[in-house]
Amino acid sequence: FAVSGASGSQIVLGWDGNYSDAVSVKIERRESAEGAFAEIARVAPGTSVYHDAGVQTSRTYSYRARANNGQNDSVYPSEISATAVSSSSGGGGGGGCFLQSVLPD
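Now for a description of the structure that goes with this document. This structure is a prediction, so every number in the text was calculated from the model and none was measured.

Counted under the stated rule, the structure contains 0 aromatic pairs. For Arg-64, the ring lying beneath its charged end belongs to Tyr-76, and the centroid distance is 3.9 Å.

This brings us to the pairing of strand β2 (residues 11-14). In β2, alternate side chains face the same way, and those of Ile-11 and Leu-13 on one face and Val-12 and Gly-14 on the other are all buried. Where strand β1 (residues 2-6) meets β2, 4 bridges bridge the pair, whose relative direction is antiparallel. Of the residues in β2, the one forming a bridge with Gly-5 is Val-12. Joining the antiparallel neighbours β1 and β2 is a turn of 4 residues. The pairing of β2 with strand β5 (residues 49-52) spans 4 bridges and is classified as antiparallel.

By size, the foremost hydrophobic cluster in this structure holds 17 residues, and its most contacted members are Ile-11, Leu-13, Trp-15, Ile-27, Tyr-50 and Tyr-63. Those elements that place two or more of their residues in this core are β1, β2, β3 (24-30), β4 (38-43), β6 (60-68) and β7 (79-85). Excluding its chain neighbours within four sequence positions, the residues that come into contact with Tyr-50 are Ile-11, Val-12, Leu-13, Trp-15, Ile-27, Ile-40, Ala-41 and Val-43.

Let's shift gears to the environment of Tyr-50. Relative to the helices and strands, Tyr-50 is located in strand β5. Here Tyr-50 falls in the buried class, since its relative accessible area comes to 18%. In sequence terms Tyr-50 and Leu-13 are 37 residues apart; their C-alpha atoms lie 5.2 Å from each other.

Moving on, we come to the pattern of salt bridges. As enumerated under the stated definition, the model contains 8 salt bridges in all. Among the ionic pairs, Asp-73 bridges to Lys-26, the shortest N-O distance being 3.1 Å. Taken together, the residues Asp-73 in the loop between β6 and β7 and Lys-26 in strand β3 connect sequence positions 47 residues apart. Among the residues examined, Asp-73 registers a relative accessible area of 31% and is labelled partly exposed. Several salt bridges converge on common partners, so that one network encompasses Arg-29, Glu-31, Asp-52 and Arg-59.

Turning our attention to the side chain of Ser-24. Within the secondary structure, Ser-24 sits in strand β3. Classification of Ser-24 as buried rests on a relative accessible area of 8%. Leave out the neighbours within four places in its chain, and Ser-24 touches Arg-42, Val-43, Pro-45, Arg-66, Ala-67 and Asn-68.

In this structure, Ala-53 sits in the loop between β5 and β6. By relative accessible area, Ala-53 is classed as exposed at 59%. Considered as a pair, Ala-53 and Ala-6 are 47 residues apart in the sequence and their alpha carbons are 9.7 Å apart. Ala-53 has contacts with Ser-9 and Gln-10, leaving out every residue within four places of it along the chain.

About the cut-offs
All residue numbers refer to position in the chain's written sequence, counted from 1. Local features in this predicted model are restricted to residues of pLDDT 70 or higher, and side-chain atom pairs are both shown and tallied only at a pLDDT of 80 or more, whereas totals for entire chains, interfaces and linings draw on every residue. In computing side-chain values, all of the structure's heavy atoms are included and hydrogens and water are not. Think of it this way: a Phe, Tyr or Trp ring, Trp meaning its six-membered ring, pairs with another when their centres are within 6.5 Å, and the plane angle makes it stacked under 30 degrees, edge-to-face over 60, tilted otherwise. Geometrically, a lysine NZ or arginine CZ counts as sitting over a ring once it is within 6 Å of the ring centre and also within 35 degrees of the ring normal. Each residue is assigned to one of three classes by its accessible area relative to the maximum for its type, calculated with a 1.4 Å probe on protein chains only: buried under 20%, partly exposed between the two thresholds, exposed over 50%. Secondary structure follows DSSP: runs of H or I at least 4 residues long count as helices, runs of E at least 2 residues long count as strands, and numbering of each begins at the N terminus. Only when DSSP finds a minimum of two bridges between them are two strands counted as paired. Nonpolar cores were defined as sets of buried Ala, Val, Leu, Ile, Met, Phe, Trp, Tyr and Cys residues, with membership established by side-chain atoms within 4.5 Å. Only heavy atoms enter the contact rule, under which two residues are in contact if any of them lie within 4.5 Å. By convention in these notes, a salt bridge is any Lys or Arg side-chain nitrogen within 4 Å of a carboxyl oxygen on Asp or Glu.

As structure tokens, this is what we get:
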């Protein structure tokens, strides 16, 4: 599970699509260090990329994902954080981001 790109308006998440017996993958986001995680999407198990377009420039978000087999959720393999930053150079680029992976306890 990793952040594969970001701009001031979206953060792109990617993961290995090897969830055996899964019927969906839950994507969760936390908008502050003190906040709680909330489900923002549920995608098909064959999907390996999610574009979170609900972000704000200069704000840090934490993400985690887990598979669901219709009855139970898997453990969280990791937690990642990203801060989308806008590019002020005007060169048409997608901007930059700060990425950090955090292993679960």
